[in-house]
Amino acid sequence: MSNLTERVRTYEVRTFGCQMNVHDSERLAGLLEAEGMVRQVGDEPADVIVLNTCAVRENADNKLYGNLGQLRALKLENPDLQIAVGGCLAQKDQGIIIKRAPWVDAVFGTHNLAALPVLLERARIEREAQIEIAESLEAFPSTLPSKRDSAYSAWVSVSVGCNNTCTFCIVPALRGKEKDRRPGDILNEVRMLVDQGVIEITLLGQNVNAYGVEFGDREAFSKLLRACGDIEGLERVRFTSPHPKEFSDDVIAAMAETHNVMHQLHMPLQSGSDRILAAMKRSYRQERYLGIIERVRKAMPDAAITTDIIVGFPGETEEDFEGTLEVVRQARFAAAFTFQYSKRPGTPAAEMPDQIPADVVTERFDRLVALANGITWDENKKLVGQRVEVLIADGEGKKDETTLRLSGRSKDYRLVHVARPEGLDVRPGDMLSATVTYAAPYHLLADTDVTLRRTRAGDAWENSQAAPQPSLLQIGSLGVRSPQS
Ligand code: SF4
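Residues numbered from 1 in each chain as written. Predicted model: local features only at pLDDT ≥ 70, side-chain atom pairs only at ≥ 80, totals over all residues. Heavy atoms only, no water.

**Observations concerning the overall build of the chain**
Our working rule: Every helix listed is a DSSP run of H or I at least four residues long, and every strand listed is a run of E at least two residues long, numbered separately from the N terminus. To get the radius of gyration, use the C-alpha atoms; to get the globule rule, take the number of residues to the power 0.38 and multiply by 2.2 Å. The cut-offs for exposure are 20% and 50% of the maximum accessible area for each residue type, with area from a 1.4 Å probe on protein chains only; residues under the lower value are buried, those over the upper are exposed, and the others partly exposed. Here, two residues are considered to be in contact whenever any of their heavy atoms come within 4.5 Å of each other. What sets the accessible areas is the Shrake-Rupley method with a 1.4 Å probe; for residues, cover comes only from the shown protein chains. For the purpose of charge, His is not counted, nor are the chain termini; Lys and Arg are scored as positive and Asp and Glu as negative. A charged residue contributes its charge at one atom only: NZ of Lys, CZ of Arg, CG of Asp or CD of Glu.
Secondary structure summary: the chain contains 14 helices and 21 strands in total. Relative to a compact globule of 485 residues, whose C-alpha radius of gyration would be 23 Å, the chain shows 23 Å and is just as compact. Overall, the chain is about 65 × 65 × 50 Å in size when its C-alpha atoms are taken along their principal axes. Looking at the chain as a whole, 57% of its 485 residues qualify as buried. Restricting the contact set of the chain to residue pairs at least 6 apart, pairs at least 24 apart contribute 75%. On the chain, roughly 20500 Å² of surface is accessible, and the fraction owed to carbon and sulfur atoms is 53%. In the chain, 58 side chains carry a positive charge and 69 a negative one; their mean positions are 1 Å apart.

Structure below.
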């Protein structure tokens, strides 16, 4: 803890990659605030800048070393600036980061977030870069202090790591085997969050529905969802990412029968070709995937299903790709997050023969995006005339020629811009219900019959505004995506 004579130090955490990293970044912010630091407000550079990195795609390296290049100039201006690098790329590159960027002060990994403050202090005293990487989990990040980004919505991790071995994925090598939190610890955290005004939680795991494998309870995840149904004041429960291999009927039943579990499901497909799914070691085939979609829709006809798809996996033929298009036609996703295959050094797929030429990958990618976006828009159009309840997000909202709108997410996680009701004070965390009047490819407009429901979350947001306001965490240019699954 700095002595009273020193100015309160400020920090900034830059997050790249998936929601698991966003969750961890809230812990890194919590650790620094526990040291008496405050978030940087405004354009002035912070005293401590932490990069929480991602390693999923090829350009992840470029992003890290590009950022470090920019920070070098700041460090030359202010030698007291401290720079720390954590996350998956730190876990992978370790000492290479200090070699390539000797102006970095601290490097820590995915298993030892709590080391950050100690490494920074040691680097400050010894004026020497510090690096500490643990090969296995030291403490669940959820046990660390947290500085949440939102007053009304929270990430709750149920497990870390993954037992699968998808051949394109580097996550198991960097986040280790799956470790499950105890159900009681998770539910206590959820109750504590609800007491703080949170009304929406997202249960997080690399492979969230495998939850319980470590303590031998195959139905642990559906039990967890049902237990969330008994928590007073918790309005919206979401989870990400499930894996089709372990997605079981007890989870579908728990989603359909628990009042506050949202009918929204992100189910990565990756490929619609059985041959490519085998090469990816995804342990399910097209028939099983479509079977899950069918059972989900039977139990919850209003369910919004989204997915991740990789185009151009090594060896993918036109016939394989047609398999992917066929699943997209049948599954009618509310949104599809599509990726061009990116060779990831250290993954089995990177060594596979028949790497697909970039122009072929791009041509297929464009066809897939056109098909998926057309379906997404058609599915949105079906909602015109329906009433939606929207959890209003932080931010100013959008104004077109005639209407000022506030933005937020509906129960099925669609982005909705709602006409701001005249004369009513609407706060982030409050709920606006309205009738959908227009459907765009990626959002809905809801301009009529607008009613306001003020919530405890809105109160929590208002109270949080009363406290001194730091700036929001910097979200890397990639935007946030679901943990790889
Ligand atoms: S893609 Fe997902 S399920 Fe597969 S190894 Fe990576 S984290 Fe695990």
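Back to the text.
**As for the nonpolar core**
The test is simple: To define a nonpolar core, start from buried Ala, Val, Leu, Ile, Met, Phe, Trp, Tyr and Cys residues and group those joined through side-chain atoms within 4.5 Å.
In this structure, L203, L225, F239 and F247 are the most contacted members of the largest nonpolar core, which totals 56 residues. In this structure L203 touches V156, V158, I186, V208, F221, L224, L225, V237, R238, F239 and T240, once residues within four positions along its chain are discounted. The next biggest cluster of nonpolar side chains, apart from the first, holds 36 residues, and it includes L81, W103, C169 and I170.

**Regarding unusual backbone geometry**
Backbone torsion omega between T240 and S241 reads -10°, so that peptide bond is classified as cis. Examined against the element boundaries, S241 turns out to sit in the loop between β11 (236-240) and α9 (249-257). Even without being glycine, Q270 reaches a positive phi, approximately 70°. Inspection of the secondary structure assignment puts Q270 in the loop between β12 (264-266) and α10 (274-279). On the accessibility criterion, Q270 (2% relative accessible area) is buried. You will see that D354, though not glycine, has its phi angle at about 60°, which is positive.

**Here's the deal with the sheet that holds strand β7 (residues 153-157)**
Which entries qualify depends on this criterion: Criterion used throughout: strands pair if DSSP finds at least two bridges between them. What counts as an axis is a line fitted to C-alpha atoms, over the stretch in contact for a helix, and the angles between N-to-C directions run from 0 to 180 degrees.
Read across the sheet, three strands follow the order β7-β10-β11 without closing on themselves; strand pairing throughout is parallel. The open sheet has two edge strands with one neighbour each: β7 and β11. When the angles between neighbouring strand axes are averaged without regard to direction, this sheet yields 25°. Here β7 pairs with strand β10 (residues 200-204) via five bridges, running parallel. Residue S157 lies in a different strand from β10, and its bridge partner there is L204.

**Quick word on the pattern of salt bridges**
As a reminder, the rule being used: A carboxyl oxygen of Asp or Glu within 4 Å of a side-chain nitrogen of Lys or Arg is what we treat as a salt bridge.
Across all of its chains, the model carries 36 salt bridges by this definition. A salt bridge links K245 to E246; its shortest N-O distance comes to 3.6 Å. Taking relative accessible area as the criterion, K245 reaches 31% and is therefore assigned partly exposed. Note that D430 and R427 form a salt bridge whose closest N and O atoms lie 2.8 Å from each other. Of the two residues, D430 and R427, both sit in the buried class.

**Quick word on the environment of I49**
Within the secondary structure, I49 sits in strand β3 (residues 48-53). As a C-alpha pair, I49 and V85 span 36 residues in sequence and 8.6 Å in three-dimensional space. If we skip the residues at most four places from it in the chain, I49 touches E12, R14, L71, L74, L81, Q82, I83 and A84.

**So, the environment of R282**
By secondary structure assignment, the location of R282 is in the loop between α10 and α11 (286-299). Residue R282 is classed as buried on the basis of its relative accessible area of 0%. Sequence separation between R282 and P301 is 19 residues; the distance between their C-alpha atoms is 27 Å.

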